[in-house]
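Single-letter residue listing:
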Amino acid sequence: MNRIVTLDEFIIHRQKDFPFASGELTGLLRDIGVAAKIVNREVNKAGLVSILGVEGSENTHGEQVQKLDLYANDKLIDCLKNSGECCGIASEENEDFVQMPMLESKNSKYVVVFDPLDGSSNIDVNVSVGTIFGIYRRKSDSSGPCELGDFLQKGTELVAAGYVIYGTSTILVYTTGRGVNGFTLDPSIGEFCLSHRDIKIPNRGGYYSVNQGYYLKFDVEMRRYIDYCSDMNLRLRYIGSMVSDIHRILFQGGIFLYPNTRKYPQGKLRVLYECNPLSYVVEQAGGKAINTQLNRILEMDVTDLHMRSTIVIGSPDMVDEMKEFVERYSVPSVNIG
Ligand code: AHM
Ligand code: MG
């Protein structure tokens, strides 16, 4: 029988790969693992909401019941604050970034960005949701508080990124730029155990993933590409929870698209909390991620904490093919003048 390798063991072992590592990044990844276990416990109880109380009400302990995405947000912030391994966080749930107390953050050189519970509209119907995270080295001087510029970095500057999927089992997938590994939570021992070593995305896959309900709102080249996917007998899978859709594509191959629509002319998904971390993971696994202007997601300038983007991400050959489609069918803008 193979010996079980826990997430903590793996992270500590990997620290040796970085000669000047101080242990902060190791600590941060472990904190995220702890927060994931706490969030997992609550997500698993989501169906008991009628027993435990609905949002805004008081539960049997006299505590206010919180929406799960806000609960996940608070837990992540608490875990990162307590350990003092990062100097600030930015979350999809917070308007502004949050500075960690200077004393506790020990002049840390990292900031963390996250979407605490992606796809949270799915919780009530028991569909998988996830946490997405990214870690950057701060740019400002570590003797002072963190600044906005520490968060507005390109995805190419990510030091680590990953996600946790709360699904049929709970899996944490992360990369520090040296391959992608996955860990499944064993509830009997309460540990994430290495289950998917050195994940590689297939060059092609049998799935495409897009909200086809918006078909008529997509640009013509995007509609052509979606028709092509259907003509090629690709299977359409769209969970409406990006982490879950990307997780399937990572293992089975395929392509995920969230183009611009009339409602979201810049795309819906957030660059900092969704597009960049997941693009980093997918690229590390051998995949590709671009926007519908055909630029690499990780190289986009980030100008706002909550900036959105279009995204096309997944198996490398399929993303290249989509790019060719757009180049071929793009309607050149006519200058009437
Ligand atoms: P959220 O962060 O508010 O949950 O929104 C992001 C989610 C993604 O997980 C998912 O891919 C997308 O929104 C679904 O959007 P739509 O319902 O427009 O297809
Ligand atoms: Mg989200």
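Structure: above.
Anyway, here's the lowdown on the structure attached to this text. (Residues numbered from 1 in each chain as written. Chains lettered and ligands numbered in written order. Predicted model: local features only at pLDDT ≥ 70, side-chain atom pairs only at ≥ 80, totals over all residues. Heavy atoms only, no water.)

1. Regarding the pairing of strand 6 (residues 170–175)
Here is the key point about a regular strand: its side chains alternate between the two faces of the sheet. Keep this limit in mind: Remark: exposure states derive from per-residue accessible area (1.4 Å probe, protein chains only) relative to the maximum for the residue type, with buried under 20%, exposed over 50%, and partly exposed in between. Working definition: helices are DSSP H or I runs of at least four residues, strands are E runs of at least two. Numbering for both runs from the N terminus. Strands were regarded as paired on the criterion that DSSP finds at least two bridges between them.
Most of strand 6 is tucked away: six of the six residues are buried. Of the two faces of strand 6, the one holding Thr170, Leu172 and Tyr174 and the one holding Ile171, Val173 and Thr175 are both buried throughout. Taking the residues between adjacent antiparallel strands as the criterion, strand 5 (residues 158–166) and strand 6 are bridged by three residues. Relative to strand 7 (residues 180–186), strand 6 is paired through five bridges, and the arrangement is antiparallel. Residue pairing in the sheet places Leu172 in a bridge with Phe183 of strand 7.

2. Topic: helix 1 (residues 7–15)
This is how it is decided: Working definition: the arc comes from the directions between the helix axis and the C-beta atoms, pointing outward to the latter. Residues count as neighbours in contact if any of their non-hydrogen atoms are within 4.5 Å of one another.
If you check which residues of helix 1 are buried, you get Leu7, Phe10 and Ile11. Looking straight down helix 1, one finds its buried side chains confined to an arc of 95°; they lie on one side. Lining the buried residues of helix 1 we find helix 2 (24–44), strand 6, strand 7 and strand 8 (191–196).

3. Quick notes on the packing of helix 1 against helix 2
Filter applied, for reference: Angles here are taken between N-to-C directions and fall from 0 to 180 degrees, while the axes themselves are lines fitted to C-alpha atoms, restricted in helices to the stretch in contact. Comment on the angle field: the value is read as roughly parallel under 35 degrees, roughly antiparallel over 145, roughly perpendicular from 65 to 115, and oblique elsewhere. By convention the crossing between two helices is left-handed if the near helix lies anticlockwise of the far one by an angle smaller than a right angle, and right-handed if it lies clockwise.
Direction vectors running N to C along helix 1 and helix 2 enclose 165°, while the axes themselves pass 10 Å from each other. Taken together, the axes of helix 1 and helix 2 lie roughly antiparallel to each other. Here helix 1 and helix 2 pass one another in a crossing that is right-handed. Along its contact with helix 1, which presents Leu7, Asp8, Ile11, Ile12 and Gln15, the element helix 2 presents Thr26, Leu29, Arg30 and Gly33.

4. Observations regarding the site of ligand 1
The following threshold applies: Here a residue is near a molecule or strand as soon as one of its heavy atoms is found within 4 Å of it. Under the rule applied, a polar contact is a pair of N or O atoms within 3.5 Å (in protein, one hydrogen donor and one hydrogen acceptor; residues adjacent in sequence only if both atoms are side-chain atoms). Where accessible areas are quoted, they stem from the Shrake-Rupley method and a 1.4 Å probe; at the residue level, only the protein chains shown are allowed to cover. As a working rule, the residues Ala, Val, Leu, Ile, Met, Phe, Trp, Tyr, Cys and Pro are called nonpolar, Asp, Glu, Lys and Arg charged, and the rest polar, with Gly in that last group. Domain start and end points were adopted from an automatic or database domain assignment.
Neighbouring residues of ligand 1: 16 residues in total, closest Gly119, Tyr214, Tyr238, Met242 and Tyr258. Met242 is positioned with one of its backbone polar atoms (N or O) 2.6 Å from an oxygen atom of ligand 1. In isolation ligand 1 exposes 470 Å². Once the protein is present, 81% of that is buried. For the shell around ligand 1, the elements supplying multiple residues, two or more each, are strand 3 (110–118) and strand 11 (255–258). When grouped by side-chain class, the residues that make up the shell around ligand 1 number six nonpolar, five polar and five charged. Looking at which domains feed residues into the shell around ligand 1, each of domain 1 (7–196) and domain 2 (207–329) supplies at least three.

5. Here we look at the coordination of the magnesium ion (ligand 2)
Applied cut-off: Listed donors are limited to N, O and S atoms within 2.8 Å of the metal, widened to 3.2 Å for Na, K and Ca; water is not among them, so incomplete-looking sites are possible.
Coordination of the magnesium ion (ligand 2) by the protein comes from Asp115 (OD), Asp118 (OD) and Glu274 (OE), over a distance range of 1.8 to 2.2 Å. Written as a sequence motif, the donor arrangement for the magnesium ion (ligand 2) is D-x2-D-x155-E. Just as Asp115 is buried, Asp118 falls in that class too.

6. Things to note about the sheet that holds strand 8
Spatially, the eight strands line up as an open sheet ordered 2-1-3-4-5-6-7-8, and their pairing is mixed. Each end of this open sheet is capped by a strand with a single partner; those strands are strand 2 (98–99) and strand 8. Summarising the sheet, strand 1 (residues 88–91) and strand 3 pair through four bridges and their orientation is parallel. Across the sheet, Gly88 pairs through a bridge with Val111, a residue of strand 3. Against the sheet, helix 2 contacts strand 3, strand 4 (129–137), strand 5, strand 6, strand 7 and strand 8, and its axis sits at roughly 15° relative to strand 5.

7. Section: the pattern of salt bridges
Selection criterion: A carboxyl oxygen of Asp or Glu within 4 Å of a side-chain nitrogen of Lys or Arg is what we treat as a salt bridge.
This model, assessed by the stated rule, comprises 15 salt bridges. A salt bridge links Glu42 to Lys45, with the shortest nitrogen-to-oxygen separation between them at 3.2 Å. Judged by relative accessible area, which is 16%, Glu42 ranks as buried. For Arg296, the salt bridge identified is with Glu299, shortest N-O distance 2.7 Å. Overall, the relative accessible area of 30% leaves Arg296 in the partly exposed class. Linked by salt bridges that have partners in common, Arg41, Glu42 and Lys45 make up one network.

8. Digging into the sheet that holds strand 15 (residues 311–314)
Spatially, five strands are ordered 10-9-11-15-13 in an open sheet, and the strand pairing comes out mixed. Only two strands of the sheet have a single neighbouring strand rather than two, namely strand 10 (235–236) and strand 13 (288–290). Across the sheet, helix 8 (residues 271–284) touches strand 13 and strand 15, and the angle it forms with strand 15 is around 30°.

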